[in-house]
Amino acid sequence: MSTPAATVPDLLDYDEVLERFDPVLGLEVHVELNTLTKMFCGCPTEFGAPPNSQVCPICLGMPGSLPVVNGKAVESAIRIGLALGCDIAEWCRFARKNYFYPDMPKNFQISQYDEPIAISGEVELEVEGQTFKIGIERAHMEEDTGKSTHVGVTGRIHGAEYSIVDYNRAGIPLIEIVTKPIEGTGALAPQVARAYVAHLRDLMRALDVSDVRMEQGSLRCDANVSLRPLGETAYGLRTETKNVNSLRSVERAVRYEMCRQGALLAAGGKVMQETRHWHEDTGITTPGRSKEQAEDYRYFPEPDLVPVAPSRKWVEELGTTLPEPPAQHRKRLFEAWGFTEMEFRDVIGAGALLLVEATVAAGATPAAARKWWLGELARRAKETEVELDALSITPAQVAEIQALVDAGKINDKLAREVFDGVLAGEGSPEEVVAARGLAVVSDDSALGAAVDRAIEANPDVAEKIRGGKVAAAGALIGAVMKEMRGQADAGRVRELILERLGAE
Amino acid sequence: MTDLTKLTAAETARLIRDGEVSAVDVAQAHFDRIAKVDDRIHAFLHLDTEGALGAARRVDEKRAAGEELGPLAGVPLALKDVLAMKDVPTTCGSKILEGWRPPYDATVVQRLRDADLVILGKTNMDEFAMGSSTENSAYGPTRNPWDTDRIPGGSGGGSAASVAAYQAPLAIGTDTGGSIRQPAAVTGTVGVKPTYGGVSRYGLVAFSSSLDQVGPCARTVLDAALLHSVIAGHDPFDSTSIDQPVPPVVEAARAADVRGLRVGVVKELGGEGFQPGVEQRFNEAVALLTELGAEVVEVSCPHFVYGLPAYYLIAPSECSSNLARFDAMRYGLRVGDDGIRSAEEVMSLTREAGFGAEVKRRIMIGAYALSSGYYEAYYGQAQKVRTLITRDFARAFEQVDVLVSPTTPTTAFRIGERVDDPLAMYKADLCTIPSNLAGNASASFPCGLSPDDGLPVGLHVMAPVMADDRLYRVGAALEAASVQRWGHPLLEEAPEL
Ligand SMILES: [Zn+2]
């Protein structure tokens, strides 16, 4: 196999792409289920265990071992299917997808082929005020593979000095959700792709079927992108960009492929039908397997498993366990929180809806929850290039920090330091406050002495306040806060000043 | 003193229970017999002397402690090398698994241990159970105790030969297209393929998952039934295992009664290509059943003749996938790992060196039959034939209780005779394959020696799904009447080794 050339291809300006071409997307999302055990054996699924510590003869594909379907995974698959508006098959089978790869213990993956558990659904998204209907082709069950690490210069299998494989992930239940071709998104294609994946993430979380941590690989997206000249109805040749593992990357990868394919087509060239690899660091895609090199997976029904035939009664019962549909959920929160439309859209756009909801549930006001997640925490997420929900702080901790502010134990300035501490893993907000000595001085005698000194040092101001000009108190408050190095509750300082000067 | 190796399993167990012999002595007698004859038979690939004597000792201790012993406690058994046995080499007759010691027990092995059977060792077989002569073993052929120039059948030639050569009273075989029944027929022993799903496949290294079934090999029908009832029953680790009570096989073997049983002779399984001596003994067995009170009629199963080609698409297709895991990455043979070659190259070199010609042939046929564009024409069509054969059985079982045919068209052929003619080799399974495709129960019972060559002939009995007990009714009745007629069990006519 020849090594891909290291040259970076030409890109067409995004606006020019849109002037000439119409993008068509297809998204394949893999969701790792959060079942306690694997798809076909009893091994635990916990993330981050020592390599090859969660394996057995079955998930290692030892000769003679046989799979047994995890009923809980089927249940999750049905609930996902129902939440996506799909029909649930009355009868479906597993199939073997045959190909050789060192991280596949059996050199076939147990998946579903032409008989998936869920078909024909639809989800509705709102992007920049426009509504998009995304057709769902199918959702099917399969098992995850092991994880290879290629040690050597390139980090890829070709050119690696050696490779090591961790089979802990082998056999973890996956649901693959495949869209129908997504058309009519135009300039918003990258955002629609991102919004779709974000929507699935929120949905899976609401269903409580997956941890959906993209950075841990429990939600992975393959993005198919093709362009066709404006006005054309036939699809262009597509590329499939594999393993795009953050929301931001989904958007970037789609946009990149549009510009790359646009440049090729505009120059009279052709798009190669191939898989491509997304490079998070450089923001480009590079070629993988071409259509000619594509494997023939030799699918056939898995003879070691019996068909799955969920009874209608069970499916109906599972239907009653679904969370509120996302649109209805948003409507309810919008009405409850009292945000302006703009404020509310910003919350959704930042992917903070569920975080704000959880923070409010933990006791914070909607305004305070919004303030922290869209302000301080969004800034930090951006700095460290992670998703908001990947920050190592929980909604409950955010609510706790706000409660400390409300109780006058810290102020907003100190709260930022508490965020630093919590994000740095120093413990709970209370612990960070204690360890870093961040509590505002609420000892009235110390504060009172500072207030007295400020009044003494500013007799003119004090006189104005005595005369009823309460607004002048600001200057004295500033002086006190300065003396206390910010570790005081400004509200309490104000109270003390007014009390001492006999003003209301 | 009694020759402990000549006893039946039932007698051996009784003597051990009664304290007349120790299980250790019984095991040792069999190891001595193996040491005496196995250089000529080559039934065993591996002996687990230590494990077996340990198990035997535990049986003796249990008895000494007054504990109740099961119906086969202390009885030695030979295990086909296709079943995983913890820490004991399991090769499937292939070089590619040389040195592999499974980290777990097959469910069948677990049940044998729980029932206190003494597993002597692992028996020879065609590589990955692909073959009808045991000549495809990477470790050399097994020889037929009736004539050591002839094949003992296959793939389970080692298991059948070990029983016929008194190296073990019982053996475990597996049957994908006839691998228990055809060796039983050509060695003059009893071999039963239970209903698909009747015995757990967990730990059976798969050749063709939808066809493979584990079953008993023995010298008597009752012994086979006793072993059958030990290994059968639902297993949650095998999704295809049937969650129903085990058919009353032991009771059926004890009853040995075919009065009123409706027996159908399959019209299509006979005639051209069948050795006259085989047909003669078969017809005599059918006549004997009539004498014993069975009602015999002729039945047509028109699609059985398509069984062979359908089988040779389905089995290779499944095997091409099942055998993909042998890639040098996790266990077994590894060839060419010089730190320079890629994983892909090491996989390919290992598979090239580790698999024999027949295995490669079937992997290639299977990979081709499943490939895109050919799937419907090959695998799809074969599955349709399978449905038609299943319907033939269903229709036949509306008229009769069991079906019968010769087990094999010919007696044991000579070693080397068919190695260059795969089609001739495949025809050995003509009569046995339909039951694998339909998943019903069937068995082979000795019905005499062919007058043209003096070699054993088997009567093939087929019963509906989960009606395995009917096989034993027929087998036991035939056995009792035949032994009476011959004056002794058939095997006593085999030459001394
Ligand atoms: Zn496992």
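Bear in mind that the values here come from a model prediction, so they are computed numbers and not experimental data.

Analysis parameters
- Residues numbered from 1 in each chain as written.
- Chains lettered and ligands numbered in written order.
- Predicted model: local features only at pLDDT ≥ 70, side-chain atom pairs only at ≥ 80, totals over all residues.
- Heavy atoms only, no water.
- Helix = DSSP H or I, 4+ residues; strand = E, 2+ residues; numbered from the N terminus.
- Rg over C-alpha atoms; globule rule 2.2 N^0.38 Å.
- Buried < 20%, exposed > 50% of the residue type's maximum accessible area, 1.4 Å probe, protein only.
- Contact = heavy atoms within 4.5 Å.
- Areas by Shrake-Rupley, 256 points an atom, 1.4 Å probe, with all protein chains shown as cover.
- Lys, Arg positive; Asp, Glu negative; His and termini not counted.
- Charge placed at Lys NZ, Arg CZ, Asp CG, Glu CD.
- Pairing = 2+ DSSP bridges.
- Axes fitted to C-alpha atoms, helices over the stretch in contact; angles between N-to-C directions.
- Phe/Tyr/Trp six-rings, centres within 6.5 Å; stacked < 30°, edge-to-face > 60°.
- Core = buried A, V, L, I, M, F, W, Y, C linked by side-chain atoms within 4.5 Å.
- Donors = N, O, S within 2.8 Å, 3.2 Å for Na, K, Ca; no water.
- Domains from an automatic or database assignment.
- Buried area = accessible area lost by both parts, 1.4 Å probe.
- Salt bridge = Lys/Arg side-chain N within 4 Å of Asp/Glu carboxyl O.

Engineer: What's the story with the overall build of chain B in this structure? I'm lost.
Structural biologist: Looking only at helices and strands, chain B features 16 helices and 11 strands. In terms of overall dimensions, chain B is globule-like: its C-alpha atoms have a radius of gyration of 21 Å, near the 23 Å expected for 497 residues. Dimensions of chain B, computed from the C-alpha atoms along their principal axes, are close to 65 × 55 × 45 Å. Out of the 497 residues in chain B, the part that is buried amounts to 64%. Sequence-distant contacts, at least 24 apart, represent 76% of the contacts inside chain B between residues at least 6 apart. Working note: accessible area of chain B is about 16,900 Å², and carbon and sulfur atoms make up 51% of it. In chain B, 46 positive and 64 negative side-chain charges are present, and the distance between their average locations comes to 2 Å.

Engineer: Looking at this structure, I do not really get the sheet that holds strand β5 (residues 118–127) of chain A. What am I missing?
Structural biologist: Residues and elements named next belong to chain A. Taken together, 9 strands build an open sheet; the order of strands is β2-β5-β6-β9-β1-β10-β11-β12-β13 and the sheet is mixed. Looking at which strands have only one partner, the edges of the open sheet turn out to be β2 (87–88) and β13 (284–290). With 4 bridges connecting them, strand β11 (residues 239–244) and strand β12 (residues 274–279) associate as parallel partners. Along β12, the bridge assignment pairs T239 with E274. Of the strands in this sheet, β1 (21–32), β10 (219–229), β11, β12 and β13 touch helix α4 (residues 247–266), which is tilted by about 30° from β10.

Engineer: Hey, could you run me through the environment of C41 of chain A in this one?
Structural biologist: All names here are of chain A. When you line up the elements, C41 lands in the loop between β1 and α2 (71–83). Along the backbone, C41 and C56 are 15 residues apart, and their C-alpha atoms lie at a distance of 7.9 Å. With near-sequence residues (within four places) excluded, C41 lies in contact with C56, I58, C59 and V68.

Engineer: Would you mind going over the packing of aromatic side chains with me for this structure?
Structural biologist: Geometry of an aromatic ring pair is reported as the spacing of the ring centres plus the angle between the planes. A complete count under the given rule lists 24 aromatic pairs over all chains for this structure. Consider the rings of Y297 of chain A and Y299 of chain A, whose centres lie 6.0 Å apart with planes at 70°: the pair is edge-to-face. When sorted by exposure, Y297 of chain A lands in the same class as Y299 of chain A, which is buried. On the numbers, 4.9 Å between centres and 80° between planes, the contact of Y311 of chain B with Y312 of chain B is edge-to-face. Y311 of chain B sits in the buried class, given a relative accessible area of 3%. The class for Y312 of chain B is buried, based on a relative accessible area of 11%. Ring-pair connections join several aromatic residues into one group, and the members of that group are W100, F128, F326, Y331 and F355 of chain B.

Engineer: Explanation requested: the environment of E341 of chain A in the structure shown.
Structural biologist: Within the secondary structure, E341 of chain A sits in helix α7 (residues 341–349). On a C-alpha basis, the gap between E341 of chain A and L476 of chain A in space is 39 Å, while along the polypeptide they are 135 residues apart.

Engineer: How should I be thinking about the nonpolar core in this particular structure?
Structural biologist: For soluble globular proteins, the rule of thumb is that nonpolar side chains tend to be buried together. Residues and elements named next belong to chain B. L112, F128, I172, L403, L459 and Y472 are the most contacted members of the largest nonpolar core, which has 131 residues in total. Broken down by element, the residue count for this core peaks at 8 residues, all from helix α10 (residues 307–322). Contacts of Y472, omitting those with residues within four sequence positions, involve V192, P216, V221, A224, A225, H228, V249, A252 and A253.

Engineer: Sorry, what's going on with the sheet that holds strand β3 (residues 118–123) of chain B here?
Structural biologist: Hydrogen bonding along the main chain pairs the strands of a sheet, whether they run parallel or antiparallel. All names here are of chain B. With respect to topology, 11 strands assemble into an open sheet ordered β1-β3-β2-β4-β6-β5-β10-β11-β9-β7-β8, the strand pairing being mixed. Each edge of the open sheet carries a strand with a single partner, namely β1 (44–47) and β8 (295–299). Sheet twist, expressed as the average angle between the axes of neighbouring strands with direction ignored, equals 30°. Of the strand pairs in this sheet, strand β10 (residues 441–449) and strand β11 (residues 456–463) are connected by 7 bridges, and their pairing is antiparallel. Residue F445 lies in a different strand from β11, and its bridge partner there is L459. With respect to the sheet, helix α2 (residues 23–41) is in contact with β1, β2 (76–80) and β3, its orientation differing from that of β3 by roughly 20°. Against the sheet, helix α5 (residues 157–164) touches β1, β2, β3, β4 (170–175) and β6 (213–218), its axis set at about 155° to β4.

Engineer: Hey, could you run me through unusual backbone geometry in this one?
Structural biologist: Only a minority of non-glycine residues have a phi that is not negative, and only a minority of peptide bonds are not trans. For the peptide bond that leads from G154 of chain B to S155 of chain B, omega is 5°, which places it in the cis range. Positive phi values are uncommon outside glycine, yet N52 of chain A reaches one of about 55°. Looking at the element boundaries, N52 of chain A is found in the loop between β1 and α2. Although it is not a glycine, A256 of chain B adopts a positive phi angle of roughly 50°. Position of A256 of chain B among the secondary structure elements: in the loop between α8 (249–255) and β7 (262–266). By relative accessible area, which is 27% here, A256 of chain B ends up partly exposed.

Engineer: Quick question: what am I supposed to make of the coordination of the zinc ion here?
Structural biologist: The reference angle at a metal is 109.5 degrees if four donors form a tetrahedron and 90 or 180 degrees if six donors form an octahedron. Residues and elements named next belong to chain A. Coordination sphere of the zinc ion, protein contribution only: C41 (SG), C43 (SG), C56 (SG) and C59 (SG), at 2.3 to 2.4 Å. Each donor residue of the zinc ion belongs to the same chain, with the gaps between them written as C-x1-C-x12-C-x2-C. The exposure classification of C56 matches that of C59, with both residues buried.

Engineer: Please clarify how the pairing of β13 of chain A should be interpreted in this entry.
Structural biologist: On a regular strand, one side chain projects to one face of the sheet and the next to the other, so that they alternate. Residue and element names in this part refer to chain A. Both β12 and β13 contribute to a ladder of 5 bridges, which runs antiparallel. Counterpart to H279 in the pairing with β13 is I284. The hairpin turn running from β12 into β13, its antiparallel successor, is 4 residues long, and G283 in that turn takes a positive phi close to 70°.

Engineer: Mind showing me how you'd approach the domain arrangement of chain A here?
Structural biologist: Much of the literature gives interface size as the accessible area that the parts lose upon coming together. Segmentation of chain A into domains returns domain 1 (4–317), domain 2 (324–436) and domain 3 (444–500). For domain 2 of chain A versus domain 3 of chain A, the separation of C-alpha centres amounts to 32 Å.

Engineer: Sorry, what's going on with the interface of chain B and chain A here?
Structural biologist: Facing 38 residues of chain B, the contacting portion of chain A comprises 31 residues. Note on chain B versus chain A: buried area summed over both sides is about 2,700 Å², and carbon and sulfur give 60% of it. Summed over the three residues of chain B that lose the most area to chain A, namely S239, R325 and R330 of chain B, the buried surface amounts to 23% of that side. Taken together, the connections running from chain B to chain A amount to 1 salt bridge.

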